[in-house]
Amino acid sequence: MATIKNESIDRLFEAILKFKDVKECYKFFEDLCTIKEILDMSQRLDTAILLDKGESYESITKTIGTSAATISRVSRCLNYGTGGYKAAIKSLKEDK
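Now for a look at the structure at hand. Owing to the predicted nature of the structure, the values given are computational and were not obtained by experimental measurement.

Basis of the calculations
Residues numbered from 1 in each chain as written. Predicted model: local features only at pLDDT ≥ 70, side-chain atom pairs only at ≥ 80, totals over all residues. Heavy atoms only, no water. Helix = DSSP H or I, 4+ residues; strand = E, 2+ residues; numbered from the N terminus. Buried < 20%, exposed > 50% of the residue type's maximum accessible area, 1.4 Å probe, protein only. Contact = heavy atoms within 4.5 Å. Areas by Shrake-Rupley, 256 points an atom, 1.4 Å probe, with all protein chains shown as cover. Lys, Arg positive; Asp, Glu negative; His and termini not counted. Charge placed at Lys NZ, Arg CZ, Asp CG, Glu CD. Polar contact = N/O pair within 3.5 Å; in protein donor to acceptor, adjacent residues only side chain to side chain. Core = buried A, V, L, I, M, F, W, Y, C linked by side-chain atoms within 4.5 Å.

A few words on the overall build of the protein. Looking only at helices and strands, the protein has six helices and zero strands in total. If you list the helices and strands of the protein from N to C, you get α-α-α-α-α-α. Dimensions of the protein along its principal axes, counting C-alpha atoms only, are 35 × 30 × 30 Å. Here the protein, with 96 residues, has 15% of them falling under the buried criterion. Counting contacts in the protein only where the partners sit at least 6 residues apart, residues at least 24 apart contribute 36% of the total. As displayed, the protein offers around 7,500 Å² of accessible surface, 56% of which is attributable to carbon and sulfur atoms. Both charge centroids of the protein, one from 16 positive and one from 15 negative side chains, sit 3 Å from each other.

A word on the environment of Thr-63. Looking at where Thr-63 falls in the secondary structure, it is placed in helix H4 (residues 57-64). In this structure the side chain of Thr-63 is engaged in a polar contact, spanning 2.7 Å, whose partner is the backbone oxygen of Ser-59.

The biggest cluster of nonpolar side chains holds 10 residues, and these are Ala-48, Leu-50, Leu-51, Ile-60, Ile-71, Val-74, Cys-77, Leu-78, Tyr-85 and Ile-89. Within the residue set of this core, elements represented by two or more residues are helix H3 (35-52), helix H5 (68-80) and helix H6 (84-95). Here this core takes four residues from H5, the largest share from any one element.

Right, here's the structure in full:
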(Lines give C-alpha, C1' and ligand atoms only; values in the text may rest on other atoms or scores of the structure.)
Protein backbone atom coordinates (compact mmCIF):
# COMPACT_ATOMS: atom_id res chain seq x y z
CA MET A 1 0.00 0.00 0.00
CA ALA A 2 1.19 3.49 -0.84
CA THR A 3 2.10 5.80 2.01
CA ILE A 4 0.19 9.09 2.10
CA LYS A 5 1.84 10.63 5.16
CA ASN A 6 2.47 14.36 5.01
CA GLU A 7 2.11 17.42 7.23
CA SER A 8 -1.33 18.34 5.93
CA ILE A 9 -2.75 14.87 6.56
CA ASP A 10 -1.11 14.81 10.00
CA ARG A 11 -2.96 18.05 10.78
CA LEU A 12 -6.28 16.54 9.60
CA PHE A 13 -5.86 13.47 11.80
CA GLU A 14 -4.73 15.55 14.78
CA ALA A 15 -7.86 17.69 14.43
CA ILE A 16 -10.06 14.57 14.37
CA LEU A 17 -8.36 13.21 17.49
CA LYS A 18 -9.20 16.44 19.36
CA PHE A 19 -12.98 15.98 19.07
CA LYS A 20 -14.64 15.24 22.40
CA ASP A 21 -17.70 13.39 21.08
CA VAL A 22 -19.56 12.03 18.07
CA LYS A 23 -21.61 15.24 17.74
CA GLU A 24 -18.43 17.24 17.05
CA CYS A 25 -17.35 14.62 14.50
CA TYR A 26 -20.67 14.94 12.68
CA LYS A 27 -20.26 18.72 12.43
CA PHE A 28 -16.72 18.46 11.11
CA PHE A 29 -17.30 15.62 8.64
CA GLU A 30 -20.50 17.20 7.28
CA ASP A 31 -18.46 20.33 6.49
CA LEU A 32 -15.44 18.40 5.20
CA CYS A 33 -17.08 15.65 3.13
CA THR A 34 -20.14 15.06 1.03
CA ILE A 35 -22.84 12.91 2.57
CA LYS A 36 -21.98 10.22 -0.02
CA GLU A 37 -18.31 10.22 1.08
CA ILE A 38 -19.31 9.80 4.72
CA LEU A 39 -21.74 7.01 3.83
CA ASP A 40 -19.07 5.29 1.72
CA MET A 41 -16.54 5.39 4.55
CA SER A 42 -19.05 4.08 7.09
CA GLN A 43 -20.06 1.31 4.68
CA ARG A 44 -16.41 0.26 4.28
CA LEU A 45 -15.98 0.04 8.05
CA ASP A 46 -19.23 -1.95 8.35
CA THR A 47 -17.93 -4.24 5.60
CA ALA A 48 -14.66 -4.78 7.48
CA ILE A 49 -16.57 -5.58 10.67
CA LEU A 50 -18.71 -8.17 8.87
CA LEU A 51 -15.69 -9.69 7.12
CA ASP A 52 -13.94 -9.91 10.48
CA LYS A 53 -16.97 -11.85 11.77
CA GLY A 54 -16.61 -14.29 8.87
CA GLU A 55 -19.58 -13.12 6.81
CA SER A 56 -19.63 -14.03 3.12
CA TYR A 57 -19.49 -11.51 0.28
CA GLU A 58 -23.07 -12.43 -0.66
CA SER A 59 -24.31 -11.90 2.88
CA ILE A 60 -22.55 -8.52 3.13
CA THR A 61 -24.01 -7.38 -0.20
CA LYS A 62 -27.50 -8.35 0.96
CA THR A 63 -27.08 -6.83 4.42
CA ILE A 64 -25.55 -3.44 3.60
CA GLY A 65 -25.47 -3.22 -0.18
CA THR A 66 -21.71 -3.13 -0.59
CA SER A 67 -20.50 -4.07 -4.08
CA ALA A 68 -18.30 -7.12 -4.57
CA ALA A 69 -15.47 -4.83 -5.72
CA THR A 70 -15.62 -2.80 -2.50
CA ILE A 71 -15.84 -5.93 -0.36
CA SER A 72 -12.79 -7.29 -2.17
CA ARG A 73 -10.82 -4.10 -1.57
CA VAL A 74 -11.78 -3.95 2.09
CA SER A 75 -10.90 -7.64 2.47
CA ARG A 76 -7.48 -7.04 0.92
CA CYS A 77 -6.84 -4.14 3.29
CA LEU A 78 -8.15 -6.10 6.26
CA ASN A 79 -5.83 -9.00 5.51
CA TYR A 80 -2.78 -7.34 3.95
CA GLY A 81 -3.06 -3.65 4.77
CA THR A 82 -1.54 -1.55 7.50
CA GLY A 83 -3.80 -2.87 10.28
CA GLY A 84 -6.05 0.17 10.43
CA TYR A 85 -9.29 -1.75 10.05
CA LYS A 86 -8.18 -4.31 12.61
CA ALA A 87 -7.29 -1.56 15.10
CA ALA A 88 -10.64 0.15 14.58
CA ILE A 89 -12.56 -3.11 15.00
CA LYS A 90 -10.59 -3.98 18.14
CA SER A 91 -11.24 -0.52 19.57
CA LEU A 92 -14.97 -0.78 18.87
CA LYS A 93 -15.11 -4.22 20.49
CA GLU A 94 -13.34 -2.89 23.60
CA ASP A 95 -15.87 -0.07 23.92
CA LYS A 96 -18.78 -2.55 24.12
